[in-house]
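Spelled out from the first residue to the last, the chains are:
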Amino acid sequence: MWRRLCSALGRLRGSPAAVLAGGGRLPAAMERAVVRCVPSEPKLSLRFVLPDGSARHMQRDQAEPLGRALARIATNAAKGHAKTGKKNKKARAEDGPAGEAAAVAPAVRLFSRDGEEVAEEVPNSAAWQDGAVLQIGEAQYRVERNPPALTELQLPRSLLAGFPVCPKVSTEFAAPHHCLFRWYREQHPAAVGEPAASGDGPTWVEMSAERVFTPSNALVGLRLKLQCTPGDGAQRYGLPREVESSGPVEAGPGACTFDSRHLYTKKVCGEGSVRTVSYNILADSYAQTEFSRTVLYPYCAPYALELDYRQNLLKKELAGYSADLICLQEVDKSVFVDSLAPALDAFGLEGLFKIKEKQHEGLATFYRRDKFSLLTQHDIAFSEALLSDPLQKELCDKLAKYPIVQEKVLQRSSVLQVSVLQSTTDPSRKICVGNTHLYWHPKGGNIRLIQIAVALSHIRHIACDLYPSVPVIFCGDFNSTPSSGTYSFISSGGIAEDHEDWVSNGEEERCNMPLSHPFELLSACGEPAYTNYVGGFHGCLDYIFVDRNALEVEQVIPLPSHEEVTTHQALPSVSHPSDHIALICDLKWK
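Residues numbered from 1 in each chain as written. Predicted model: local features only at pLDDT ≥ 70, side-chain atom pairs only at ≥ 80, totals over all residues. Heavy atoms only, no water.

Caption draft 1: Expanded view of the overall build of the protein. Looking only at helices and strands, the protein has 16 helices and 29 strands in total. Counting all 590 residues of the protein, 53% fall into the buried class. Within the protein, contacts between residues at least 6 apart in sequence are counted, and of these 70% link residues at least 24 apart. Summed over its atoms, the accessible surface of the protein is roughly 26,000 Å², and 51% of this surface lies on carbon and sulfur atoms. (Helix = DSSP H or I, 4+ residues; strand = E, 2+ residues; numbered from the N terminus. Buried < 20%, exposed > 50% of the residue type's maximum accessible area, 1.4 Å probe, protein only. Contact = heavy atoms within 4.5 Å. Areas by Shrake-Rupley, 256 points an atom, 1.4 Å probe, with all protein chains shown as cover.)

Caption draft 2: Geometry of the pattern of salt bridges. One pass over the structure, following the stated rule, counts 30 salt bridges. We note a salt bridge from D345 to R211, for which the minimum N-O separation is 2.5 Å. Taken together, the residues span a long stretch of sequence, with D345 in helix α10 (residues 333–346) and R211 in the loop between β10 (204–208) and β11 (224–229) at a distance of 134 residues. Neither D345 nor R211 differs from the other in exposure class; each is buried. As a salt-bridge pair, R293 and E290 come within 3.4 Å of each other at their nearest N and O atoms. On the criterion of helical spacing, the pair formed by R293 and E290 is a turn pair, its members being three residues apart in helix α8 (residues 290–296). Among the residues examined, R293 registers a relative accessible area of 32% and is labelled partly exposed. Each of D130, E144, D232 and R236 takes part in a single network of salt bridges with overlapping partners. (Salt bridge = Lys/Arg side-chain N within 4 Å of Asp/Glu carboxyl O.)

Caption draft 3: Quick peek at the side chain of N532. Within the secondary structure, N532 sits in strand β25 (residues 532–534). For N532, a relative accessible area of 6% translates into the label buried. Among the polar contacts listed, one links the side chain of N532 to the backbone oxygen of D579, at a separation of 2.9 Å. Leaving out residues up to four positions away in the same chain, N532 has contacts with F537, H538, G539, L541, D579 and H580. (Polar contact = N/O pair within 3.5 Å; in protein donor to acceptor, adjacent residues only side chain to side chain.)

Caption draft 4: A look at the pairing of strand β15 (residues 349–355). Both β15 and strand β16 (residues 361–368) contribute to a ladder of seven bridges, which runs antiparallel. By the bridge assignment, L349 is partnered in β16 with R368. If you look at the hairpin formed by β15 and β16, you'll find five residues sitting between the two strands, and K358 has a positive phi there, around 60°. (Pairing = 2+ DSSP bridges.)

Caption draft 5: Inspection of the packing of helix α9 (residues 307–320) against α10 at higher detail. In the contact formed by α9 and α10, the axes pass within 10 Å of each other and the chain directions differ by 30°. The angle between α9 and α10 places the two elements in the roughly parallel class. Seen along the crossing, α9 lies across α10 with a hand that is right-handed. Facing L307, Q311, L314, K315 and L318 of α9, the residues of α10 in contact are V335, S339, L340, A343 and L344. By residue class, the composition of the contact of α9 with α10 is seven nonpolar, two polar and one charged. (Axes fitted to C-alpha atoms, helices over the stretch in contact; angles between N-to-C directions. Parallel < 35°, antiparallel > 145°, perpendicular 65-115°, else oblique. Left-handed = near helix turned anticlockwise from the far one by under 90°. Nonpolar A, V, L, I, M, F, W, Y, C, P; charged D, E, K, R; others polar.)

Caption draft 6: Structural detail: the packing of helix α14 (residues 445–466) against helix α15 (residues 485–492). Put simply, α14 and α15 touch, their axes get as near as 9 Å, and they point 25° apart. Our classification of the angle between α14 and α15 gives roughly parallel. The interaxial crossing formed by α14 with α15 has right-handed handedness. Of α15, the residues touching α14 (which contributes G445, R448, L449, I452, A453 and L456) are G485, T486, F489 and I490. Grouping the constituent residues of the contact of α14 with α15 by class yields six nonpolar, three polar and one charged.

Caption draft 7: Layout of the environment of E563. Relative to the helices and strands, E563 resides in helix α16 (residues 562–565). In this structure, the C-alpha to C-alpha distance between E563 and T257, residues 306 residues apart in sequence, is 9.7 Å.

Caption draft 8: How the structure looks around the packing of aromatic side chains. Taken as a whole and judged by the stated rule, the model has 14 aromatic pairs. Seen from their ring centres, F336 and F366 are 5.7 Å apart, and the 40° between their planes marks the pair as tilted. A residue pair is termed long-range when its members are at least 10 positions apart, and F336 in helix α10 and F366 in strand β16 qualify at 30 residues. Between Y530 and Y533, the ring centres sit 4.8 Å apart and the planes meet at 65°, which makes this aromatic pair edge-to-face. By relative accessible area, which is 13% here, Y533 ends up buried. (Phe/Tyr/Trp six-rings, centres within 6.5 Å; stacked < 30°, edge-to-face > 60°.)

If you want it as structure tokens, here you go:
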């Protein structure tokens, strides 16, 4: 493997003009010595292939003097030569006394890029520099320090025609957007005009050199292969790696609920505007239960509830919105790490994740890298904030008078994700982006009021104290209809202590307290008839609240028609990946 690495690096880097150790030309086929040296680790690794063909992988202390490492290399080289001699007894016999001399350790020296021999007392961390030359006897090795490398390359398990295939690419000393990609399709056995496949493996035909590949219907039934070469943006490339799809491309579902919405979002909106999406994407941990299949979503084809299938739809839907901000709820941690973050990274979006307490799912906020940079994050868990944050002491003291409600609030795992972003083109423009998912129970209106009071108090501290006058965009699944106390509180700035939601679960759980907040928030997408449509319920639960004094709504992307939503009875379906519908609007600074 490491001989292939050295050869590949040699082809990709090219040879320097002079032999650093002696002033002559570098041999065209000079081998490579690959060094991995990370400041946070005590040891560095050194890999190379000896002239006898044996690979060597050494771990040395970074602080160790170079001389000790060179002595060890010499010992290894001598042992390697001796083993080679033993394998060829006839050659040893013919060599006579010279055969014994072959086991003597060769001279091993290291030369810097400018041809100076590196002193033996120099520590390893400083000695093994990129471009140096290691000499073992007559053999010379070009040192590659921390070359770009792939640590992970994966393709999704499910591939659908017409849906983007976004590989998961993890790198070291490289960046996915600097890597080289080559996509291949399996040659169809009966393809006309193409050479017949030969040998044991399939024949592959190159299709694309883009990071994301969308297979056409013509590729249904064929597998895909991706070759990725890691790069660091400085014309350095590492060893390429290949991965083949586990199965063939399958036919897509045809028209999806979001296709007509994409007609409004073909391009990223201009400077000064912010396209914002809020979407509960339905956690896999909730979709893949017997209760979900038989009670919640019995109308949905079982395969359409599978994670891989839904992820295909979701990635195409989100990519097609060309959004600047995406706030997602019910995001499985594994889905964020393995699917959404890599996919949306390919479309220019950076992702942040906040997991719920004691859960496998949480919140994700994505922002467009060329429009925004992250200044600070201020995520909280509601229960923890109530108990320990001085900002919440007044509310905590009020809640202590109602121990039954207090206990219920503190048992909830709900969290709030808050990110302060700064415009990359106008540093004076900052926004405070909130994202949350409130308690779900239909009779939990009083719990939701406490949760939203904690959220708005926390956001007030950020948007009024830490970053005075910064505009607020607050997205989420609030599990509250427009007639609820929570919606009224957010929109009006206050709620009376006698509001009916304080007794939403009966007299035993009554808790009366007046609440207020300083913001003037507007539901940017209004009050749609529904944002959640399942067999037993439909209603508006999701919102994008914006600071009406600082932001104006330029455009609201129409929701799918009722006919589209109910084509397969309800949501989710073969043409829609969640039981919720994404809200999308274009906002503009006033």
